[in-house]
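Chain residues, written in single-letter form:
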Amino acid sequence: MIDPADATSNDPLELAEQCLALISVVVKLDDTPTKESLQFILQEKMAALFAVLYASNG
């Protein structure tokens, strides 16, 4: 069963693509509250990406 509370991928390519998609939207967005929310999600995705990359090199 999929746990919706932890839907973070361990695939670095997928995480990188998600980060790029979020960056693209954040750059083009004018709605400040939505932009701030997406930036928070982006920060979490980037942290997950760095953790996966760090773990694979360790």
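See the structure printed just above.
Rules used in this analysis
- Residues numbered from 1 in each chain as written.
- Predicted model: local features only at pLDDT ≥ 70, side-chain atom pairs only at ≥ 80, totals over all residues.
- Heavy atoms only, no water.
- Helix = DSSP H or I, 4+ residues; strand = E, 2+ residues; numbered from the N terminus.
- Buried < 20%, exposed > 50% of the residue type's maximum accessible area, 1.4 Å probe, protein only.
- Areas by Shrake-Rupley, 256 points an atom, 1.4 Å probe, with all protein chains shown as cover.
- Axes fitted to C-alpha atoms, helices over the stretch in contact; angles between N-to-C directions.
- Parallel < 35°, antiparallel > 145°, perpendicular 65-115°, else oblique.
- Left-handed = near helix turned anticlockwise from the far one by under 90°.
- Contact = heavy atoms within 4.5 Å.
- Core = buried A, V, L, I, M, F, W, Y, C linked by side-chain atoms within 4.5 Å.
- Lys, Arg positive; Asp, Glu negative; His and termini not counted.
- Salt bridge = Lys/Arg side-chain N within 4 Å of Asp/Glu carboxyl O.

Visitor: How would you sum up the overall build of the protein chain? Please name residues and give values.
Guide: The helix and strand tally for the protein chain stands at two helices and zero strands. Per-residue burial for the protein chain yields a buried fraction of 19% across its 58 residues. Surface accessibility of the protein chain: about 4600 Å² in total, with carbon and sulfur atoms responsible for 62%.

Visitor: Explain the packing of helix H1 (residues 12-28) against helix H2 (residues 32-57) to me, and be specific about the residues and the numbers.
Guide: As a packed pair, H1 and H2 sit with axes 9 Å apart at the nearest point and diverge in direction by 155°. When the interaxial angle is binned, H1 and H2 end up roughly antiparallel. In this structure, the crossing between H1 and H2 has a hand that is left-handed. Along the contact surface, H1 presents Pro12, Leu15, Ala16, Gln18, Cys19, Leu22, Ile23, Val25, Val26 and Val27, while H2 presents Lys35, Leu38, Gln39, Ile41, Leu42, Lys45, Met46, Ala48, Leu49, Val52 and Leu53.

Visitor: Quick rundown of the nonpolar core? Include the residues and the values.
Guide: The nonpolar side chains of a soluble globular protein tend to be buried, and buried together. Listed in full, the five residues of the largest apolar core are Cys19, Leu22, Val26, Leu38 and Leu42. For this core, the secondary-structure elements that each account for two or more residues are H1 and H2. A per-element tally of this core places H1 first, with three residues. Discounting chain neighbours no more than four positions away, the residues touching Leu22 are Leu38, Ile41, Leu42 and Lys45.

Visitor: So, the environment of Val52: which residues are in play, and what are the values?
Guide: Inspection of the secondary structure puts Val52 in helix H2. Sequence separation of Val52 and Leu15 is 37 residues, and the distance between their C-alpha atoms is 9.2 Å. Every residue in contact with Val52, bar those within four places of it in the chain, is listed here: Ser9, Asn10, Pro12 and Leu15.

Visitor: Tell me about the side chain of Lys45, and name the residues and values.
Guide: Considering the arrangement of structural elements, one finds Lys45 in helix H2. As a buried residue without a salt bridge, Lys45 has its nearest oppositely charged side chain in Glu14, at a separation of 6.6 Å. In contact with Lys45, not counting residues within four places along its chain, are Leu15, Gln18, Cys19 and Leu22.

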